[in-house]
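As a plain string of letters, each chain reads:
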Amino acid sequence: MLVGCELDVQHRGGFVYGIKGSKGQVNQGGNLCNSGRFGYQYMNDVNRLLKPRVKENGSWKDIEWNEAFEHIAKQLKSSKPSESAFTVGARLSNEEQYFIQKIARAGVKTNNISSFHYMERGKGYTENSVASVPFNELKFARAIWVLSPEMIKSNGVAAFAVQSSRKKNGIPVTLIVEGNNHLMDHKADRIIAVKSRYAFIKAINYYLVHSGKLHASFINECTEGFDAYKQTLLKEDYSSLIYASGLAQDVLESLAEELIKIAETVMIYAEAGTSSNCAMEINNLMLLSGKPGKTGSGVIALKSKNNSQGLRDNGICPKTAPGGRKLKDAKAELEALWQINDLCVETDFSIKERLKSGAIKNLFIFGEDPIGTAMNADEVKSLIPQNAFVVVADYFMTASAEAATLVLPMAFPFESGGSYTNTQRIIQRYEAEMKPKTGKNNIEMLNGIAEKVDVKPFSTTEEIFLEFASLLTVKKEVVFSFSATDQDNPSNMFVFGADNLVLRHQKRVMELLKK
């Protein structure tokens, strides 16, 4: 789903027995990656959570929904707004993400809203899909550069689209390989081995700026911040960048010349293995070469999860309001829409630091498993407040759920309905086809919390969608921005977008491969 694949779920009597590609806008041939086609087993898992659970004297006890909501109400009423924090997973629908941040901001009166998925990773992923090249335009490219060979495993449909363009349209594929990442070597026409993708891209940018071999008209008419970027970039030591890239100077400069000469070049990378600052330098390169907005030209940034883009669009970040604007700029509109007059617009803080300091007394985690997917388990465990009220909403008793005080069972997507925004910012709706085995769909669950903090409940996902869509901004003309970076920042704290479902599936795949 992260690239926008449509699925047909095959089920009978509540048992899911298969998944097929639905020949959607992206997967027109019905293609699916291994997670999409084979990752459905969790839907039949008998260990699924069906009732809320509360931890009493170290043991779990099943309770009714109303009792769970009362526990939440009691804790919130006995705490200051700033002592509560909400984290939201990229697996959730637009409607669920929007509703959770509304509960936090309009009801609890806190701006402690974030996602472990993007925590402390930097701003390089914020606008990287603004001018994403549609997959159906790959056939118009004259060259494709792949910076993330691992996409063949994690983004199979995207990899298939690249290979289809190579085979059917004769478009040469250049593979940029960092380290021992040779998964796509057999599907490329040229392999460029580098020591650092960040240094490689930044060195190309330096060469283009220093030599003046730029797309000047595009920069002048469609961008902002070039002069400041140029000033900062040219302070770098070019020979050091060349050395760090691992390429000879003449080879790197030849590649830079090629990028300028071939206007219809598409560069593809996956966020999961690309640092935020590297993503920003890729964006800078696209602007220097004048590629965004042209057919078969520009960048495709592959998000890590089915609704990673939704996190950005729905304001799952202290600085960002639903619709993508700065929270302070949207304050008046949000207060009018939500019928409040005290929207918290404090943004100069780090959620991670507030968690580490113990300032958070109530932590709500929706659809994420930070402990189970942590790259450094001890570091992440230190973020979960000790002796605090921790609520985890998920499908199963994950490692994070085991560390909680209260666990809420979430309904599956096809039990709730809603929409996702894929990696190319296309909103895709899906319907509720089955009654939730948990007794409540996810909107009904959130309504139970919302009513405890005086937020008006929603009747349908469509009602939420219309409210969230009313806040989406429409820009008459896109102005692209240059952003300077000082060093690489590979600071991903979690694998698989902090999502336990992907972790479960990958573990199962590894077990099958061992047999």
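About the thresholds
- Residues numbered from 1 in each chain as written.
- Predicted model: local features only at pLDDT ≥ 70, side-chain atom pairs only at ≥ 80, totals over all residues.
- Heavy atoms only, no water.
- Core = buried A, V, L, I, M, F, W, Y, C linked by side-chain atoms within 4.5 Å.
- Buried < 20%, exposed > 50% of the residue type's maximum accessible area, 1.4 Å probe, protein only.
- Helix = DSSP H or I, 4+ residues; strand = E, 2+ residues; numbered from the N terminus.
- Contact = heavy atoms within 4.5 Å.
- Pairing = 2+ DSSP bridges.
- Polar contact = N/O pair within 3.5 Å; in protein donor to acceptor, adjacent residues only side chain to side chain.
- Expected span 1.5 Å × (residues − 1).
- Axes fitted to C-alpha atoms, helices over the stretch in contact; angles between N-to-C directions.
- Parallel < 35°, antiparallel > 145°, perpendicular 65-115°, else oblique.
- Nonpolar A, V, L, I, M, F, W, Y, C, P; charged D, E, K, R; others polar.
- Left-handed = near helix turned anticlockwise from the far one by under 90°.

**Student:** Even after reading the chapter, I still don't get the nonpolar core, so can you show me in this structure?
**Tutor:** Soluble globular proteins tend to pack their nonpolar side chains together in the buried interior. Among the nonpolar cores identified, the biggest contains 101 residues, and Phe200, Phe366 and Leu408 are the most heavily contacted of them. Per element, the largest residue contribution to this core is nine residues, and it comes from helix H6 (residues 197-211). Once residues within four sequence positions are removed from consideration, phenylalanine 200 is found in contact with Trp145, Ile176, Val194, Ser245, Leu247, Leu252 and Leu255. Of all hydrophobic cores here, the second largest spans 23 residues; its members include Phe116, Leu363, Ala401 and Phe494.

**Student:** What is the right way to read the pairing of strand S17 (residues 427-430) from this model?
**Tutor:** Along a regular strand, successive side chains alternate from one face of the sheet to the other. By the alternation rule, side chains of S17 split into Gln428 and Tyr430, which are all buried, and Ile427 and Arg429, of which none is buried. Two elements, strand S16 (residues 418-421) and S17, share four bridges in a ladder whose sense is antiparallel. Along S17, the bridge assignment pairs threonine 421 with isoleucine 427. Where S16 folds back onto S17 in an antiparallel hairpin, the turn is made up of five residues, including arginine 425, whose phi is positive at roughly 65°.

**Student:** Quick question: what am I supposed to make of unusual backbone geometry here?
**Tutor:** What you tend to see is this: most non-glycine residues have negative phi, and most peptide bonds are trans. For glutamine 339, which is not a glycine, the phi torsion comes out positive at approximately 60°. In this structure, glutamine 339 sits in the loop between helix H13 (327-338) and helix H14 (351-357). By relative accessible area, which is 73% here, glutamine 339 ends up exposed. At aspartate 454, a residue that is not glycine, the phi angle is positive and equals roughly 60°.

**Student:** What am I meant to see in the side chain of threonine 373 here?
**Tutor:** Counting through the fold element by element, threonine 373 comes out in the loop between strand S13 (362-366) and helix H15 (377-381). Here threonine 373 falls in the buried class, since its relative accessible area comes to 0%. There is a polar contact of 2.8 Å between the side chain of threonine 373 and the backbone oxygen of aspartate 369. Beyond its immediate stretch of four places on either side in the chain, threonine 373 contacts Met493, Phe494, Val495, Ala498, Asp499, Asn500 and Leu503.

**Student:** For this particular structure, what's the right way to read helix H5 (residues 156-169)?
**Tutor:** Since the α-helix turns once every 3.6 residues, residues separated by three or four places project in the same direction. Look at H5: 19 Å from first C-alpha to last across 14 residues, which is about the 20 Å you get at 1.5 Å a residue. Buried residues dominate H5, accounting for 10 of its 14 residues. Listing the buried residues of H5 in full gives Gly156, Val157, Ala158, Ala159, Ala161, Val162, Gln163, Ser164, Ser165 and Arg166. Those residues of H5 that are buried are in contact with strand S7 (143-146), helix H4 (151-154), strand S8 (173-178), strand S11 (265-270) and strand S12 (298-302). Positive backbone phi, approximately 65°, marks glycine 170, located one or two places after H5.

**Student:** When you look at the packing of helix H9 (residues 238-245) against helix H10 (residues 249-261) in this model, what are you seeing that I'm missing?
**Tutor:** Each packed pair of helices is defined by two parameters, the angle between the axes and the distance between the axes. Contact geometry for H9 and H10: axes closest at 10 Å, N-to-C directions at 90°. Between H9 and H10, the interaxial angle falls into the category roughly perpendicular. For the pair formed by H9 and H10, the contact residues are Tyr238, Ile242 and Ser245 on the first element and Gln249, Leu252 and Glu253 on the second. For the contact of H9 with H10, the residue count by class is three nonpolar, two polar and one charged.

**Student:** What should I look at first to understand the packing of helix H2 (residues 65-77) against helix H18 (residues 442-450) in this one?
**Tutor:** In the contact formed by H2 and H18, the axes pass within 9 Å of each other and the chain directions differ by 45°. Here H2 lies oblique to H18, going by the angle between them. Helix-helix and strand crossings are classified by hand; for H2 and H18 the assignment is right-handed. Across from Trp65, Phe69 and Ile72 in H2, the residues of H18 making contact are Met445, Gly448 and Ile449. For the contact of H2 with H18, the per-class residue count stands at five nonpolar, one polar and no charged.

**Student:** For this particular structure, what's the right way to read the sheet that holds strand S15 (residues 406-409)?
**Tutor:** Think of a sheet as strands paired side by side through backbone hydrogen bonds, with each pair either parallel or antiparallel. Judged by pairing direction, the sheet is mixed, and its seven strands sit side by side in the order S4-S3-S15-S14-S13-S5-S6 without closing on themselves. The sheet is open, and its two borders are formed by strand S4 (59-62) and strand S6 (113-114), each paired with just one other strand. Two strands pair when backbone bridges link them, and strand S14 (residues 389-394) and S15 are joined in this way by four bridges, in the parallel orientation. Counterpart to valine 392 in the pairing with S15 is valine 407. Lying over the sheet, helix H3 (residues 94-108) contacts strand S5 (84-88), S6 and S13, oriented at roughly 170° with respect to S5.

**Student:** So what exactly am I meant to see when it comes to the environment of glutamate 258 here?
**Tutor:** Among the secondary structure elements, glutamate 258 is positioned in helix H10. Separated by 115 residues in the primary sequence, glutamate 258 and alanine 143 place their C-alpha atoms 9.8 Å from one another. Leaving out residues up to four positions away in the same chain, glutamate 258 has contacts with Trp145 and Arg190.

**Student:** For this particular structure, what's the right way to read the sheet that holds S12?
**Tutor:** The five strands are arranged S9-S8-S7-S11-S12 in an open sheet whose pairing can be described as parallel. Both outer strands of the open sheet, strand S9 (190-194) and S12, are each paired with one neighbouring strand and no more. For this sheet, the mean angle separating the axes of adjacent strands, direction not counted, is 20°. Relative to S8, S7 is paired through three bridges, and the arrangement is parallel. Note that in S8 the partner of valine 146 across the bridge is leucine 175. Against the sheet, H6 contacts S7, S8, S9 and S11, and its axis sits at roughly 125° relative to S8.

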